[in-house]
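What follows is each chain in one-letter form.
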Amino acid sequence: MRLKAGLPLIAILSSLSSGAISQGGGATTEGYSKLALREEREASLHFKVAIGAEGIAKDCTVTQSSGSQELDDAACKIIMKRAHFKPARNAKGEPVEDVYESRFVWRVPQ
């Protein structure tokens, strides 16, 4: 599931695998450090999010670093703040906890 682009395309989340469905919003420059923007640093990382039965992100873990702790931390902060999920369901149709794995890409606006 891709998050819809909103303002300048800076951060892109593209799904690798998940039982839950992202209900996220658009990407913005929010969280991109001024230094990283000035240096035109671009990066990508892989992450996983633990999702509660109510569809709320509970924890974000970087599973493959971008090489920048600053951008890794900022990505998880954005994900925890902005990502919303349709709860996964078990065989009885009851909401259950799940894990969402994806990739986050930092891009400098053109």
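Each remark here, short or long, concerns the structure printed above.
Below: a short report on this structure. (Residues numbered from 1 in each chain as written. Predicted model: local features only at pLDDT ≥ 70, side-chain atom pairs only at ≥ 80, totals over all residues. Heavy atoms only, no water.)

### A word on the state of the cysteines
Two cysteines form a disulfide when their sulfur atoms are joined by a covalent bond. Under the defined criterion, the tally for this structure stands at 1 disulfide. Residue pairing for Cys60: its cysteine sulfur links by disulfide to Cys76, the two sulfurs lying 2.1 Å apart. Judged by the sign of its S-S torsion, about -65°, the bond between Cys60 and Cys76 is left-handed. Of this pair, Cys60 sits in strand S4 (residues 57-64) while Cys76 sits in helix H2 (residues 69-82), placing them 16 residues apart in sequence. (Disulfide = S-S within 2.5 Å. Helix = DSSP H or I, 4+ residues; strand = E, 2+ residues; numbered from the N terminus.)

### Let's talk about unusual backbone geometry
Of note, the phi angle at Glu40 is positive, near 55°, even though the residue is not glycine. With respect to the helices and strands, the residue Glu40 is situated in the loop between helix H1 (34-38) and strand S3 (43-51). Overall, the relative accessible area of 58% leaves Glu40 in the exposed class. (Buried < 20%, exposed > 50% of the residue type's maximum accessible area, 1.4 Å probe, protein only.)

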